[in-house]
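# Examination of the molecular architecture
Residue-level listing of the chains:
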Amino acid sequence: AQTVTQSQPEMSVQEAETVTLSCTYDTSENNYYLFWYKQPPSRQMILVIRQEAYKQQNATENRFSVNFQKAAKSFSLKISDSQLGDTAMYFCACNNAGNMLTFGGGTRLMVKP
Amino acid sequence: DGGITQSPKYLFRKEGQNVTLSCEQNLNHDAMYWYRQDPGQGLRLIYYSQIVNDFQKGDIAEGYSVSREKKESFPLTVTSAQKNPTAFYLCASSNRLAGLTDTQYFGPGTRLTVL
């Protein structure tokens, strides 16, 4: 069984600063994908970024980047130049061979003006 | 516009009643999923379907039922056997059958409240 753990229930950051959200996972799969989803107050789940486990290069999407440490089973999300619109719940997830996602418990991020 | 729609946005149910939540997608995705989200928690998989007329139980299928008669549609019925149905329900879809590369895209969700 897969597990995904987000150890920071809540975080805050000042607008324009950088914040890092932590995620650790455990899986028996040899090949898998990792995802970060954002859930704003509207509650729609929005894909932020994804990482293929067999790729060593960390994924980046504009202001969002990941630090993927495969041996440590760690997958943190860095948000640069934080904006008020980044305020949301952030969920880390891992899929398995059947493409079923296992989600972490989420981190609530507040961006302060 | 391509996307996933869920209806209704809010749903109220009396104890003992069955209710059906709608999920429709026009992305031509093969796979569809239903998740439940409780306050302050992550998502848990209820059911999934990788092809028409086939579906599988997820982690918390008890008290729920689904059908997949059309590729575009994957309705979820919350039955009276579900002991604690008040939650937020999210539907998702993805492109290929059991493919590791398939990102799941989500609908806007349905908030179900049992009175």
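Right above here is the structure, for reference.
Counting of residues starts from 1 at the beginning of each chain's written sequence and follows it residue by residue. The naming scheme follows written order: chains are lettered A onward, ligands numbered 1 onward. For a predicted model such as this one, the threshold for reporting local features is a pLDDT of at least 70, and the threshold for listing and counting side-chain atom pairs is 80 or more; totals across whole chains, interfaces and linings nevertheless cover every residue. Side-chain calculation: all heavy atoms of the structure are included, whereas hydrogens and water are not.

## Thoughts on the overall build of chain A
Numbering of helices and strands runs from the N terminus; a helix is a DSSP stretch of H or I covering at least four residues, while a strand is a stretch of E covering at least two. Of regular secondary structure, chain A possesses 0 helices and 12 strands. Starting at the N terminus and walking to the C terminus, you meet the elements of chain A as β-β-β-β-β-β-β-β-β-β-β-β. The globule rule used here is 2.2 Å times the number of residues to the 0.38 power, and the radius of gyration it is set against is calculated over C-alpha atoms. In summary, chain A has a C-alpha radius of gyration of 13 Å against a globular reference of 13 Å for 113 residues, a match within 12%. The principal-axis extent of the C-alpha atoms belonging to chain A is close to 45 × 25 × 20 Å. Taking all 113 residues of chain A together, 50% fall into the buried category. Taking as baseline every contact in chain A between residues at least 6 positions apart, the subset at least 24 positions apart corresponds to 53%. Accessible surface for chain A amounts to roughly 5,400 Å². Of this, 46% is attributable to carbon and sulfur atoms. Exposure is judged per residue with a 1.4 Å probe applied to protein chains only, and the accessible area is read against the type maximum: over 50% gives exposed, under 20% gives buried, and values in between give partly exposed. We call two residues in contact when some of their heavy atoms are within 4.5 Å. Accessible surface area values rest on a Shrake-Rupley calculation with a 1.4 Å probe, where residue burial reflects the displayed protein chains alone.

## Focus on the overall build of chain B
For chain B, the count of helices and strands is 0 helices and 11 strands. Moving toward the C terminus, one meets the helices and strands of chain B in the order β-β-β-β-β-β-β-β-β-β-β. Across its three principal directions, the C-alpha atoms of chain B cover 40 × 25 × 25 Å. Of all intrachain contacts in chain B linking residues separated by at least 6 positions in sequence, the fraction that spans at least 24 positions is 55%. Surface summary for chain B: the accessible area is close to 5,500 Å², and the carbon and sulfur share equals 46%.

## Here's the deal with the nonpolar core
Residue and element names in this part refer to chain A. One finds Trp36, Phe75, Leu77 and Tyr90 to be the most contacted residues of the largest nonpolar core, which totals 25 residues. For this core, the elements supplying multiple residues, two or more each, are strand E3 (19–21), strand E5 (33–39), strand E6 (46–52), strand E8 (64–69), strand E9 (74–79), strand E10 (88–95) and strand E12 (107–112). In terms of residue count, E10 provides more of this core than any other element does, 4 residues in total. Buried Ala, Val, Leu, Ile, Met, Phe, Trp, Tyr and Cys residues form a nonpolar core when they are joined through side-chain atoms within 4.5 Å.

## Quick notes on the pattern of salt bridges
For side chains bearing opposite charge, pairing can occur when the charged atoms are close. Definition used for salt bridges: Asp or Glu carboxyl oxygen within 4 Å of a side-chain nitrogen of Lys or Arg. For the structure shown, the criterion picks out 6 salt bridges over all chains. Among the ionic pairs, aspartate 26 of chain A bridges to lysine 73 of chain A, the shortest N-O distance being 2.9 Å. Placement of the pair is aspartate 26 of chain A in strand E4 (residues 24–26) and lysine 73 of chain A in the loop between E8 and E9, with a sequence separation of 47 residues. The class of lysine 73 of chain A is partly exposed, set by a relative accessible area of 26%. Here lysine 71 of chain B and aspartate 30 of chain B are joined by a salt bridge, their closest N and O atoms 3.5 Å apart. Here aspartate 30 of chain B lies in the loop between strand E3 (19–25) and strand E4 (31–37) and lysine 71 of chain B lies in the loop between strand E7 (64–66) and strand E8 (76–78), a separation of 41 residues in the sequence. Salt bridges sharing partners connect three or more residues here, namely Arg36, Asp38 and Arg44 of chain B.

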